[in-house]
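Fold and geometry: a report
Residue-level listing of the chains:
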Amino acid sequence: MSVPPGLLAALVDDAGLFPPTSLPMDRAVERHRADAEADAAMHTHRFLVPASRVGEVRRLLREGEVFALGLIADRGAGNLAAAGAEIAADPRLRLALVEAPLAAFGEEEASALQALLAELKDVPDHVPLYAEPVERARPEPLLTELARQAGARPLGAKLRCGGVRADLFPGTGEVAGFVTACVAAGVPFKATAGLHEAVRHTSAATGFTHHGYLNLLLATAVAASGGDRHAVRDVLETEDAAELVRLAERLTAEEAVAARRALVSYGSCSTAAPVREALRLFGPALRPTS
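Residues numbered from 1 in each chain as written. Predicted model: local features only at pLDDT ≥ 70, side-chain atom pairs only at ≥ 80, totals over all residues. Heavy atoms only, no water.

Examining the packing of helix α6 (residues 172-185) against helix α8 (residues 229-236)
As a reminder of what qualifies: Each axis is a line fitted through C-alpha atoms, and for a helix only the stretch in contact is used; angles between axes span 0 to 180 degrees, taken between their N-to-C directions. Note on conventions: DSSP H or I runs of at least 4 residues are helices, E runs of at least 2 residues are strands, and numbering of each starts at the N terminus. Reported orientations rely on four angle classes, namely roughly parallel under 35 degrees, roughly antiparallel over 145, roughly perpendicular from 65 to 115, and oblique for the rest. Left-handed describes a crossing whose near helix is turned anticlockwise from the far helix by less than a right angle; the clockwise case is right-handed. Here a residue-residue contact requires only that any non-hydrogen atoms of the pair lie within 4.5 Å. Three categories are distinguished: nonpolar for Ala, Val, Leu, Ile, Met, Phe, Trp, Tyr, Cys and Pro, charged for Asp, Glu, Lys and Arg, and polar for the others, with Gly belonging to the last.
One can describe the packing of α6 onto α8 by two numbers: an axis separation of 9 Å at closest approach and a directional angle of 125°. Overall, the two elements α6 and α8 adopt an arrangement that is oblique. At the point where α6 passes α8, the crossing takes the right-handed sense. Each of Thr172, Gly173, Val175, Ala176, Gly177, Val179 and Thr180 in α6 lies in contact with α8, whose residues at this interface are Arg229, Val232, Arg233 and Leu236. Split by residue class, the contact of α6 with α8 holds five nonpolar, four polar and two charged.

Put into structure tokens, the structure is as follows:
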């Protein structure tokens, strides 16, 4: 058996600038260039950059090359508009998406989302926005607003799966609730932080229990196929790599498409580890593109 076409394709955004890797800008840019040349099917070839650091990227780019940027709001109101204008003025940059913590724009979802959208009024309508809930454990108010305000600009949610502190890692129940809520609302989502390996595990270095990117992807497939929160949580909690491989290989092409329609991609500070993990698990059967 093999992995359904498209299940793992264009799954990994380049988040090398962010913790825990936190590469210096010059090394991050060089790594992104090397990844572009290698052209791994799992990579989106989007370079995630804080809005405040767009100028640093521009100083390092060569004539004729183009970086597709995922713009991450890092200073709240006023920051995104200026960064968007800077990107638009440079032909070596292409704005691929925007991610923002809604709490930086207000304490109430509807008004915060309106403020965030106003910040993007000069950004082309085809550029999607992914908003992180004001309260991580309560995504429903944000999802309601995203569904209500859906229009010309594609809108989605953002799930934070970890970070540099233990409290930044949500439990499996919380993640299952987020995933099932997004699927039920018809709102796509991106994930970020903590998804360094394919399978759920406890890090020997930090003692933190990390969610696996394959767990999250397959849990999303369960939700997209009508599974309830308990079924989704069961997959998130699976630490048996062989069982996850079996689940992945049993997916139909339609189920894989539905899963990826819901889970757009995730940001990884390592771009090599996800590919290495997938090859380790699936070996010659890994065929992520059709």
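Considering the packing of aromatic side chains
Heads up, the condition is: Pairing of aromatic rings covers Phe, Tyr and the six-membered ring of Trp, with a centre-to-centre limit of 6.5 Å; geometry is then stacked below 30 degrees between planes, edge-to-face above 60, and tilted otherwise. When accessible area is computed with a 1.4 Å probe and restricted to protein chains, residues below 20% of their type maximum are described as buried, those above 50% as exposed, and intermediate ones as partly exposed.
According to the stated counting rule, one finds four aromatic pairs in the structure shown. Centroid distance Phe169 to Phe208: 5.3 Å. Interplanar angle 50°. Geometry classified as tilted. One end of the pair, Phe169, is in the loop between β6 (155-160) and α6; the other, Phe208, is in the loop between β8 (201-202) and β9 (209-210), and 39 residues separate them in sequence. Since its relative accessible area comes to 11%, Phe169 is described here as buried. Ring geometry for Phe178 versus Phe189: centroids 5.7 Å apart, planes at 80°, classification edge-to-face. Of this pair, Phe178 sits in helix α6 while Phe189 sits in strand β7 (residues 189-192), and the two are eleven residues apart along the sequence. As far as the burial class goes, Phe178 and Phe189 line up, both buried.

With respect to the sheet that holds β6
Heads up, the condition is: By the convention used here, strands pair only if DSSP detects at least 2 bridges between them.
Spatially, β1-β2-β3-β4-β5-β6-β7-β10 is the arrangement adopted by the eight strands of the closed barrel, whose pairing is parallel. For this sheet the average axis-to-axis angle between neighbouring strands, irrespective of direction, equals 30°. Note: strand β3 (residues 67-72) against strand β4 (residues 93-101), six bridges, orientation parallel. Bridge pairing in β4 links Phe67 to Leu93. Lying over the sheet, helix α1 (residues 25-38) contacts β1 (12-14), β2 (43-50), β3 and β10 (263-268), oriented at roughly 165° with respect to β2. The strands that helix α4 (residues 109-119) touches are β4, β5 (129-132) and β6; relative to β5, the one it contacts most, it runs at about 145°.

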